[in-house]
Structure formats: structure tokens, C-alpha cells
Amino acid sequence: MPNSNIAYDSSLKIVWPIVLAGGFIGLFLSWFVLTGDQLGRVNLFYLLLVYLFIPVVSVIASLFSLVFGKGINLARLLSSIPILPYQTKASIRKMHQLNLDKYWFLLQSQMAAIAFSIASLMTFFILLLATDLNFVWRSTILVPANILPLLEFIALPWNYWEAAQPSLALLEMTQDSRLASTHNGLSDYSVWWKFILATQLCYSLLLRIFLVSWTRWWLKRSFQTDFEQVQQMPEHQSNNQQEEMTELTPQIKTLKRSLVINNWDGIPTEVLTLLPELDLSNDNVWINRWLGSEEQLLKMANLKDEQIVIVKAWEGPLGELEDFLQQGKGVILPLDWDDSGLLQSKFNHLQEWQRFVNTLPNWELYIPKKLIPV
């Protein structure tokens, strides 16, 4: 049954250009730091920069901006570049109208961050298997005793995993310094890989998965609240409901054969063919705003001919549709259907469309007689 979950589910669609951008960044940075120097030595501090500092700082910055600003993150930055498809831009406008765009951008940026983590892990494992990675650390002023407390604090979430814990002996063995006179063998340098793996899993992957789960929950809660406020009606309709229903009688009795068909919500053609009054043979038919270009949208918005704009009855009208209808004229046709065919729309849904059409002087509401709820 159509409800707020339809809009909620559509808001959770993965925007692949954003996700792939996050994966590419993770692949590039991981490959850059893991290839090491000419001797194949990988600086532990550079790894902590990519797998700990960048993920944690970006999360803090995103949450701070979410609370105190517009919600600046990777997804919002990428949305300003002309790489996103029209459907995504339409979703962004819809989220903005619902005042949920900050959470939508946060969700998409965390999906990109998960791609960053997965790409980093894949690069890490491939190089572990295919090359002889030697993890070392360098510092001009720091000594092992200075670094150990910080690394122990980082490793607190997996303190039960003894093999992935840092130690003073390990720091001393893997210090790469011209002052170091002896080393205990190259095998000692590879011991860091478990600590590095645990750092990636905890601070990069699991942290992002938690944020994605929270954001999805918040979006669902927000959609549900909005749905209840907009669509709420008494559980038991009054006895004069049929009298109220007369207000929803079609404002026009028949459709002009010359109407331009505007399939605003991309309703399947097999559903439209169930209405014989629609002249689908007309060449001047615009199907599915989600697949149309900006030029087509502008052309239809300024069209002088009368249109019949076909919408989903259960999805309440939003500002995007209202803006589109301001310059044109014609008829709005809300439809409801399932696998069995066309259905009578719900009374509260049609009430919402009735109120909406009453605010548009150049538009009328058309409901086929057989689809009026009784």
C-alpha cells in the first residue's frame, strides 16, 4: 500500500557518481601511501593520516556542519559539479522542499565514505599479498615512549585483540632512523599490519556504517512524521462523507482530445492504456519527468497548449510541481493502481489534490467516474 515509505525508499537510492568518487579517492590515497619509498618502506604515520585522521576529522566536520550549518560534506560539494543526472537533481530539490537535504547529503557522503573504506581495504589486502610491505615510522623529535600512549588510545576499541595492539618493543624495532644502529630483521616490520587493519575497520568502515544506519533511521522518522501530518484524517469518517465527496466530483466531464499528455510521475504506459479517454496516439506526449532534460521541462512549463498532468494519487503535491504549473494550464489527473489495474483513490489523497488544485486558477481536477471512492 502506498505510504511514506515510497518517498523514503526513493530517497535512499545510491547516487553512484558520488559513491564512485569516494571509492576513487580511497584507492588513490591508499595506493599512494602503501607503495612506500624506493626501499618499499611505508610510513606508519602516513597510514594513520589516511585511515584514522581523515575519516574521523571528516565525520566531525560533517556533523558540526549538520548541526550548525548547511551540512557541508563530499556529497554536497560534488552536487555543485555538473556530473549528477537529472533524476538526482530532482531528488535534491525534493529533499530541499522537505528540509531534509542536509540529511540526504550526509547519507550520500557516508555511502561515499564506505566506498572509500572498501577501496582502501582492497588495496591494503592486495599489496599485503603481492608485495613485501615494511611498516616503519620516522620522527625528528618523537621517541617510542612519546608515541605509545597515543597508539594505545587508538587501539582501545579492540583491546581484546592482542596481536593488533602496539607495544614499546614493536615501536623500537620499527623506528626508521639514521641513529638506529641495529634492526631485528625485516619480519618485524610487517607486524604492524594487524594494527593498521583494525584501525581501518574501526575508524573508517564501522564508523561510517553506524552513521549511515543513523541517517537512514532519521530520514525514515522524518518522512513518517511528515506523512502523518499531511495525510492524517479521522479513523472513522462522518456519515456525511458522501456529501463531502461531491467536492471531489470531476470539475470537467470529458477530456479534450487535443490535450498534451504530461506523465509527470512516470506512470507505466500499460496503466495509462487502461484509460480510453487518453489519446496516447498523440505525438505531442512527454513521458516521465525523471527522464526528461532541463530543456524539455522548461518547454513543457511554458507550453501554451492545455496539458493533462498525470500524477500518483498517493504522493502529495510538492513545491516542485506547483512551480512547474504556474505558467501553464490544463487538467490534473491523480491515479492509483496495482497489479490488478486501476484503483479508486483514497478519499484523503483526493482531498489533498483538491485543495492543491483550488490554489491554481488555470488548472482543473479530473477524476474518472469509476475511480471516485464510494
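Rules of the game
Residues numbered from 1 in each chain as written. Predicted model: local features only at pLDDT ≥ 70, side-chain atom pairs only at ≥ 80, totals over all residues. Heavy atoms only, no water. Helix = DSSP H or I, 4+ residues; strand = E, 2+ residues; numbered from the N terminus. Contact = heavy atoms within 4.5 Å. Areas by Shrake-Rupley, 256 points an atom, 1.4 Å probe, with all protein chains shown as cover. Buried < 20%, exposed > 50% of the residue type's maximum accessible area, 1.4 Å probe, protein only. Expected span 1.5 Å × (residues − 1). Arc of directions from axis to C-beta. Pairing = 2+ DSSP bridges. Salt bridge = Lys/Arg side-chain N within 4 Å of Asp/Glu carboxyl O. Patch = residues over 30% accessible without salt bridge, like charges linked within 9 Å, V, L, I, M, F, W, Y side chains within 5 Å. Phe/Tyr/Trp six-rings, centres within 6.5 Å; stacked < 30°, edge-to-face > 60°.

## Here we look at the overall build of the protein
Move 1: The secondary structure content of the protein amounts to 14 helices and 8 strands.
Move 2: Partitioning the contacts of the protein with sequence separation of at least 6, the portion at a separation of at least 24 is 78%.
Move 3: When the accessible area of the protein is evaluated, it comes to approximately 20,100 Å², of which 60% is carbon and sulfur surface.

## Remarks on the side chain of S65
Move 1: By the secondary structure assignment, S65 is in helix α3 (residues 44-68).
Move 2: Accessibility expressed as a relative area gives 11% for S65, which makes it buried.
Move 3: Apart from the residues lying within four places of it in its own chain, the contact partners of S65 are K70, G71 and I72.

## Describing helix α2 (residues 16-34)
Residue pairs three or four apart in sequence face the same way in an α-helix, which turns once every 3.6 residues.
Move 1: Along its 19 residues, α2 runs 26 Å from first to last C-alpha, staying within 8% of the 27 Å computed at 1.5 Å per residue.
Move 2: Taken residue by residue, α2 has I18, V19, G22, G23, G26, S30, V33 and L34 as its buried positions. Take α2 and look down its axis: the buried residues cluster within an arc of 135 degrees, on one side only. Seen from the open side of α2, the exposed residues pointing more than 90 degrees away from its buried face are W16, L20, F24, F28 and F32.
Move 3: A positive phi of about 70 degrees marks G36, the residue just after α2.

## Observations regarding the pairing of strand β5 (residues 307-312)
Move 1: Most of β5 sits out of view: 6 of its 6 residues are buried.
Move 2: A two-sided burial pattern is seen for β5, the buried positions comprising Q307, V309 and V311 on one face and I308, I310 and K312 on the other.
Move 3: Here strand β3 (residues 260-263) runs beside β5; their pairing, made up of 3 bridges, is parallel. Looking across to β5, one finds that V260 is bridged to Q307.

## Observations regarding the pattern of salt bridges
Move 1: Enumeration over the complete set of coordinates arrives at 2 salt bridges.
Move 2: One salt bridge in this structure joins D101 and R76, with 3.5 Å as the shortest N-O distance. Taken together, the residues D101 in helix α6 (residues 101-130) and R76 in helix α4 (residues 74-79) connect sequence positions 25 residues apart.
Move 3: Taking the shortest distance from any N to any O, the salt bridge between E352 and R355 comes out at 2.7 Å. Pair noted here: E352 and R355 are both in helix α14 (residues 347-357), with a separation of 3 residues, about one helical turn.
Move 4: Owing to a relative accessible area of 18%, E352 belongs among the buried residues under this scheme.

## As for a nonpolar patch on the surface
Move 1: Together, L49, F53, I54 and V57 make up an exposed nonpolar region whose accessible area comes to about 320 Å².
Move 2: Within the secondary structure, L49 sits in helix α3.
Move 3: According to the relative accessible area criterion, L49 is partly exposed, its value standing at 40%.

## Side note on the packing of aromatic side chains
Move 1: In the structure shown here, the tally under the stated rule is 16 aromatic pairs.
Move 2: Ring geometry for W158 against Y203: centres 6.1 Å apart, planes inclined by 75 degrees, an arrangement best described as edge-to-face. Here W158, found in the loop between α7 (144-154) and α8 (168-173), pairs with Y203, found in helix α9 (residues 193-231); they are 45 residues apart in sequence, far enough to count as distant.
Move 3: The class for W158 is buried, based on a relative accessible area of 4%.
Move 4: Take Y203: its relative accessible area is 16%, and that puts it in the buried class.
Move 5: Here the aromatic rings of W353 and F356 are separated by 5.7 Å at their centres, their planes lie at 85 degrees, and the arrangement is edge-to-face. Of this pair, W353 and F356 both sit in helix α14, 3 residues apart, which is roughly one turn of that helix. Accessibility classification places W353 together with F356 in one group, the buried group.
Move 6: What links up through ring pairs into an aromatic cluster is the set Y103, W214, W217 and W218.

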